[in-house]
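Report on the structure
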Amino acid sequence: MTFRHAISARFSGISKAVSGTAVSAAFAVAALFAADLAYAAPAHAADHAQTDEAGLATLWEALWHQSGTPTRLVRWEQPVRWRLSGRNLPAHREMVLRALEAVSQETGIPFTEANAGAEDPDGADAATAPNLRIEIVANTALENRQPCVTTLDFRTETQIDSALVQMRERDVLRCAHHEAMHVMGVRGHPAGKTVLSYFPVKVDSLLPLDRALLRAWYSPRMRPGMTPFEALPVLAQEWLALQPDPQAAAAVRDRFFADTVAAMRAYAEGTGDIPAIIRRSGKATAEGVRLGRSEMGYFLGVAYLEGATVGTPDRESALLWLERSARIGNRTALARLAGMR
């Protein structure tokens, strides 16, 4: 997938500040996705949520960019006005609208068709211009074996300002729901049972974990810009609601939290690694992983400061992680430390 996102000036020597605009970074769909999605099972395939740690891992992996960087929570804070254009629209309109309706139903974000005459989302007709453009393109468009792509625009890594989706004409069926999830701000490609996976079990409707993920993502308990450790308990609560034995599932959740924190401490220290599915996708970069280590140190500092995912607040551990991240140039950690002194 392709995302234009604002990592901007948080890291000295890593990215430049861009005032009022987003920073571009393109990541093509892995060949794995193009190949395996073609053989995904149809709608009658098993439609159940994972009840072991794999379900929680899927939600955690949704918080990672495929470059190898964990992400903050970004979402729409305004109604979405879409416009569909391109090739053979009568044949594809129903599937596209079905996907948009599915994500709208789970998130509560209204989707309406943009007025035909409104064009400029930043101009006089901003209230009616499209902020989501969906283009059905030729089968020869996009990069080799890349059936679909989403670009998110946001000035800060909190709120989506606009988005662009492109899908090859022959791939609309298998791409519509996948891209609709990305449109809502979910940037990961988890390994589990979700339409976001490179190895989905179903492509023409949302799966239970997709619906749980979206409900959590747009829950009042979530705040735009939340760190992964702040977001994970909210995601886990939706997962817990799907489980037949909540008591046993809560024990699984607690064990997963502890294991994840330990793994991310090792990752931030340089001895651990990113989730395996990201390596498998072939899109992780050395810069993305390095950036992720800096971010993860900051995220751990926030987690210990607030008791998010780690259980009990621990100011001493929080300061250690924030200072560690600040020493390697994380400006957000520097700012957080300044506010604590």
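Whatever comes next refers back to the structure up there.
For every chain, the first residue of its written sequence is number 1, and the numbers climb from 1 along that sequence. Confidence filtering applies because this is a predicted model: local features only for residues at pLDDT of at least 70, side-chain atom pairs given and counted only at 80 or more, and all residues used for totals across whole chains, interfaces and linings. The basis for every side-chain value is the complete set of non-hydrogen atoms in the structure, without hydrogens or water.

Quick notes on the overall build of the protein chain
Using the following cut-off: In this text, helices come from DSSP runs of H or I with a minimum length of four residues, and strands from runs of E with a minimum of two, each type numbered from the N-terminal end. When a residue's accessible area, from a 1.4 Å probe over protein chains only, is under 20% of the maximum for its type it is buried; when over 50% it is exposed; and in between it is partly exposed. Contacts are assigned to residue pairs that have any heavy atoms within 4.5 Å of one another. Note on areas: Shrake-Rupley with a 1.4 Å probe; residue coverage comes only from the protein chains shown.
Per the secondary structure count, the protein chain includes 11 helices and 9 strands. Among the 341 residues that make up the protein chain, the fraction classed as buried is 55%. Within the protein chain, contacts between residues separated by at least 24 positions form 72% of all contacts whose residues are at least 6 apart in sequence. Put simply, the protein chain shows about 13900 Å² of open surface, and 51% of that area lies on carbon and sulfur atoms.

So, the sheet that holds strand 6 (residues 111-113)
Heads up, the rule is: In this analysis, strands are considered paired if DSSP registers two or more bridges between them. Each axis is a line fitted through C-alpha atoms, and for a helix only the stretch in contact is used; angles between axes span 0 to 180 degrees, taken between their N-to-C directions.
Within the open sheet, the 5 strands sit side by side as 6-5-7-9-8. Their pairing is mixed. The strands lining the two open edges of the sheet, one partner per strand, are strand 6 and strand 8 (148-153). Geometrically, the sheet is characterised by an average inter-axis angle of 20° between neighbouring strands, direction not taken into account. The strands touched by helix 3 (residues 89-107) within the sheet are strand 5 (80-86), strand 6, strand 7 (132-137) and strand 9 (162-168), with strand 5 carrying the most contacts at an inclination of about 160°. Relative to strand 8, helix 4 (residues 172-183) is tilted by about 15°, and along the sheet it contacts strand 7, strand 8 and strand 9.

Section: the pattern of salt bridges
Applicable threshold: Any Lys or Arg side-chain nitrogen found within 4 Å of a carboxyl oxygen on Asp or Glu counts as a salt bridge.
Tallied over the entire structure, the rule returns 17 salt bridges. Between arginine 75 and glutamate 77 there is a salt bridge, and its shortest N-O distance comes to 2.6 Å. Between glutamate 94 and arginine 98 there is a salt bridge whose closest N-O contact spans 3.9 Å. With glutamate 94 and arginine 98 both in helix 3 and 4 residues apart, this pair spans about one turn of that helix. Under the relative-accessibility criterion, glutamate 94 is labelled exposed at 59%. One continuous salt-bridge network, built from bridges that share partners, spans Glu106, Arg215, Arg221 and Glu238.

Remarks on the nonpolar core
When a protein is soluble and globular, its nonpolar side chains tend to lie buried together. We apply this condition: To qualify as a nonpolar core, a set must consist of buried Ala, Val, Leu, Ile, Met, Phe, Trp, Tyr and Cys residues joined through side-chain atoms within 4.5 Å.
If you look at the biggest cluster of nonpolar residues, it comprises 86 residues, and the most contacted ones within it are Leu132, Met167 and Met296. The greatest single-element share of this core, amounting to 9 residues, is contributed by helix 7 (residues 246-269). Not counting the four nearest positions on each side in its chain, leucine 132 is found in contact with Val80, Arg81, Trp82, Arg83, Leu100, Phe111, Ala163, Val165 and Val183.

Comments concerning the state of the cysteines
Under the convention used in this document: Working definition: a disulfide is two cysteine sulfur atoms within 2.5 Å of each other.
Scanning the entire structure with this criterion turns up 1 disulfide. Two residues, cysteine 148 and cysteine 175, share a disulfide whose sulfurs are 2.2 Å apart. Taking the torsion about the S-S bond as the criterion, the cysteine 148 to cysteine 175 disulfide, at about -75°, is left-handed. In this pair, cysteine 148 is assigned in strand 8 and cysteine 175 in helix 4, connecting sequence segments 27 residues apart.

Some thoughts on unusual backbone geometry
Residue asparagine 88 is not a glycine yet carries a positive backbone phi of 50°. The class for asparagine 88 is partly exposed, based on a relative accessible area of 42%. At threonine 309, a residue that is not glycine, the phi angle is positive and equals roughly 75°. Tracing the backbone through its elements, the reader meets threonine 309 in the loop between helix 9 (286-306) and helix 10 (315-327). Since its relative accessible area comes to 10%, threonine 309 is described here as buried.

Description of the environment of arginine 331
Within the secondary structure layout, arginine 331 lies in helix 11 (residues 331-340). Owing to a relative accessible area of 42%, arginine 331 belongs among the partly exposed residues under this scheme. For arginine 331 and tyrosine 298, which are 33 residues apart along the polypeptide, the C-alpha to C-alpha distance reads 9.5 Å.

Brief notes about the environment of aspartate 210
Note the threshold: Polar contact criterion, stated in full: a pair of N or O atoms within 3.5 Å, where within protein one must be able to donate a hydrogen and the other to accept it, and residues adjacent in sequence count only if both atoms are side-chain atoms.
Note on placement: aspartate 210 falls in helix 5 (residues 208-217). For aspartate 210, a relative accessible area of 0% translates into the label buried. Each C-alpha atom of the pair aspartate 210 and leucine 59 lies 8.9 Å from the other, and the pair is 151 residues apart in sequence. The residues contacting aspartate 210, other than those within four sequence positions of it, are Met181, Thr194, Val195 and Leu196. Only 2.2 Å separates the side chain of aspartate 210 from the side chain of threonine 194, close enough to count as a polar contact.

Considering the packing of aromatic side chains
Counted only if it meets this: Two aromatic rings, drawn from Phe, Tyr or Trp (for Trp, its six-membered ring), form a pair once their centres lie within 6.5 Å of each other, and the interplanar angle then sorts them: stacked below 30 degrees, edge-to-face above 60, tilted otherwise.
Summed over the entire model, instances satisfying the criterion amount to 4 aromatic pairs. Ring plane angle 55° and centroid distance 5.6 Å describe the contact between tryptophan 64 and tyrosine 267, whose orientation is recorded as tilted. With a gap of 203 residues between them, tryptophan 64 in strand 3 (residues 64-65) and tyrosine 267 in helix 7 connect regions that are remote in the sequence. The class of tryptophan 64 is buried, set by a relative accessible area of 2%.

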